[in-house]
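Observations on the three-dimensional arrangement
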Amino acid sequence: MEYITVVGLEIHAELKTKSKIFCSCSTGFGEEENSQCCPICLGLPGTLPSLNKKVIEYAIRAGIGLNCEIARKSFMDRKNYFYPDLNKAYQISQYDKPLCENGHIQINDKRIGIKRIHIEEDAGKTIYTNEARLLNYNRSGVPLIEIVTEPDLSSSIETSECLEELKEILIYLDICDCKMEEGSLRCDVNINIESKDKTIRSNIVEIKNLNSFKAVKKAIEYEESRHRFLLRENKNTIRETRRWDENKKITVAMRKKEEAQDYRYFPEPDLLKIFVEESFIEEIRKGLPELPNEKRNRFILQYELPEYHINIMTKSKEMSNYFEEVVRTVKNPKMVSNFIISVLYKRLKDDRMDIEDLKYKIDDFVKLLELVVNGYISNNMAKKLYNIMHETGENPEIIMKEKGIIQLSNEKDIVKIVKEVLEENLKSIKDYKNGKKKVIGFLVGAVMKKTKGSANPQTVNEIILDILRKK
Ligand SMILES: [Zn+2]
């Protein structure tokens, strides 16, 4: 039996507001435990929350960025449940009327539906030690948006692509820093499988609180095979919530899946209804930056790069800014993106670095590429220089001086070396005369070797041809 995987996501993104959703406490990460909380975010009796307008603005940014309809009227609900790090024993969230609905996210040629985006407050954090359970409420009341997708994803790879794209959009929108390791982006996965004719299907299982894209991918793959195995045995999965065990690389049952009625949602009586003016939405829309998809389309038209190059150059805001900054001076987009991909990007990946961590200045990178474009050094030499720049942060001209690398731009010098090489390879001259044009490549290589890569191969090629023709 052939099965199709059905995946839907619930993504929690912490908004980058300076203060919490219902009080003026700071949202800064990593501060001393319980130093950023007050009676309101602790939900002590007699306190009243008041909604932070920035939260509405950021959620609407997300809504527009993900092609949603923005509700002009919405309200907050109470979602009742007891959890040690949720001091009030209820979470203020949105149930009936979320702020944003019916959007989509485009990945490759597929459109993944966004069911809703609603705003809510985060809970605190429980730290388990051998002796005790410790509670830190600094995160309690930090604003979140929950983005719920339609179950339109059909593989672990597609899910990863969707999450990457979503993360990129949130970063471009500047509303969430998406640091999964700090918990500012978390993901729940709803998964089941069904036969192609939809007559047989497994029950939906929820995997909670995945905190890396890798874990999401692995957990989906694990569940796919677990569901298949059970159906093959004429059993089925239980509607339950599971968690990913990173050490054992398996999912583990946590609890029976709660239904909406288990939470006893009801409208939050302490907060006013939310009315959003059309002009407020328009103002936000106008202030939005270029989003990844728009940027990709512009790059295709403006720089005429191959698809693979486009994808990497627009992979992150930082990467695309870097590329555009370099291309402003070095007006050869293909050459620039080629160099970035094969040299810079490769080093970043090898060294697990981000573009912001580069030691050298962007002007020095421009200088290096200009040396290549103007024919002062070969591509190979540039690669070598790059690697030194990457490690030391020094500029290419200083490195060349220090290493005693001569810029072989002087034709006379190159002619001299070409003549030497021809002397040493008399057979090649004969071969060329006999019509074996391939020897040119070999001779260029020999000259490049002799000049330690500092001559421009194009110039070398021309000079060799010139001399051979005259012979
Ligand atoms: Zn507070």
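Rules of the game
- Residues numbered from 1 in each chain as written.
- Predicted model: local features only at pLDDT ≥ 70, side-chain atom pairs only at ≥ 80, totals over all residues.
- Heavy atoms only, no water.
- UniProt positions renumbered as here; feature names shortened; annotations may be inferred.
- Donors = N, O, S within 2.8 Å, 3.2 Å for Na, K, Ca; no water.
- Tetrahedral: all angles 85-135°; square planar, octahedral: opposite > 155°, others 65-115°.
- Buried < 20%, exposed > 50% of the residue type's maximum accessible area, 1.4 Å probe, protein only.
- Pairing = 2+ DSSP bridges.
- Helix = DSSP H or I, 4+ residues; strand = E, 2+ residues; numbered from the N terminus.
- Polar contact = N/O pair within 3.5 Å; in protein donor to acceptor, adjacent residues only side chain to side chain.
- Contact = heavy atoms within 4.5 Å.
- Axes fitted to C-alpha atoms, helices over the stretch in contact; angles between N-to-C directions.
- Domains from an automatic or database assignment.
- Buried area = accessible area lost by both parts, 1.4 Å probe.
- Salt bridge = Lys/Arg side-chain N within 4 Å of Asp/Glu carboxyl O.
- Nonpolar A, V, L, I, M, F, W, Y, C, P; charged D, E, K, R; others polar.

The name given to the protein in an unreviewed UniProt entry is Aspartyl/glutamyl-tRNA(Asn/Gln) amidotransferase subunit B, with Anaeromicrobium sediminis as the source organism. UniProt's Sequence similarities (unreviewed entry) comment on the protein is quoted here verbatim: "Belongs to the GatB/GatE family. GatB subfamily."

As for the coordination of the zinc ion
Of the protein atoms, only Cys23 (SG), Cys25 (SG), Cys38 (SG) and Cys41 (SG) coordinate the zinc ion, at distances of 2.3 to 2.4 Å. Relative to the metal, the four donor atoms surrounding the zinc ion lie at angles of 100 to 115°, and the coordination shape comes out tetrahedral. Between consecutive donors of the zinc ion, the numbers of intervening residues give the motif C-x1-C-x12-C-x2-C. Summarising the burial analysis for this pair, Cys23 and Cys25 share the class buried.

Here we look at the sheet that holds strand E4 (residues 77–80)
Adjacent strands of a sheet pair through backbone hydrogen bonds, lying either parallel or antiparallel. Taken together, three strands build an open sheet; the order of strands is E5-E4-E15 and the sheet is antiparallel. Looking at which strands have only one partner, the edges of the open sheet turn out to be strand E5 (90–93) and strand E15 (266–267). In the sheet, E4 pairs with E15 via two bridges, with the strands oriented antiparallel. In the sheet register, Arg78 faces E15, and the bridge partner there is Phe266.

Looking at the side chain of Arg78
By the element assignment, Arg78 lies in strand E4. A polar contact is formed between the side chain of Arg78 and the side chain of Glu268, at a distance of 2.7 Å. Excluding its chain neighbours within four sequence positions, the residues that come into contact with Arg78 are Tyr90, Gln91, Arg264, Tyr265, Phe266, Pro267, Glu268, Pro269 and Asp270.

Considerations on the sheet that holds strand E7 (residues 110–121)
Read across the sheet, nine strands follow the order E2-E6-E7-E10-E1-E11-E12-E13-E14 without closing on themselves; strand pairing throughout is mixed. Either end of the sheet is taken by a strand with one partner, and the two such strands are strand E2 (69–70) and strand E14 (250–256). Here strand E13 (residues 240–245) runs beside E14; their pairing, made up of six bridges, is antiparallel. The partner of Thr241 across the bridge, within E14, is Arg255. Across the sheet, helix H4 (residues 213–232) touches strand E1 (3–14), strand E11 (185–195), strand E12 (205–210), E13 and E14, and the angle it forms with E11 is around 25°.

Quick word on the domain arrangement of the protein
Each assigned domain of the protein is listed here: domain 1 (3–280), domain 2 (290–403) and domain 3 (411–470). Listed by partner, the interface residues are six residues for domain 2 and seven residues for domain 3. Both sides of the domain 2 and domain 3 interface together cover about 400 Å² of buried area, and 51% of this is carbon and sulfur. Sorting the residues of domain 2 by area buried against domain 3 places Gly375, Ser378 and Met381 first, and these three jointly supply 71% of that buried surface. Across the domain 2-domain 3 interface, the total number found is zero salt bridges. In this assembly, domain 2 and domain 3 are joined by zero residue pairs in polar contact (both at pLDDT 80 or more). Partitioned by chemical class, the residues of the side of domain 2 that touches domain 3 number three nonpolar, two polar and one charged.

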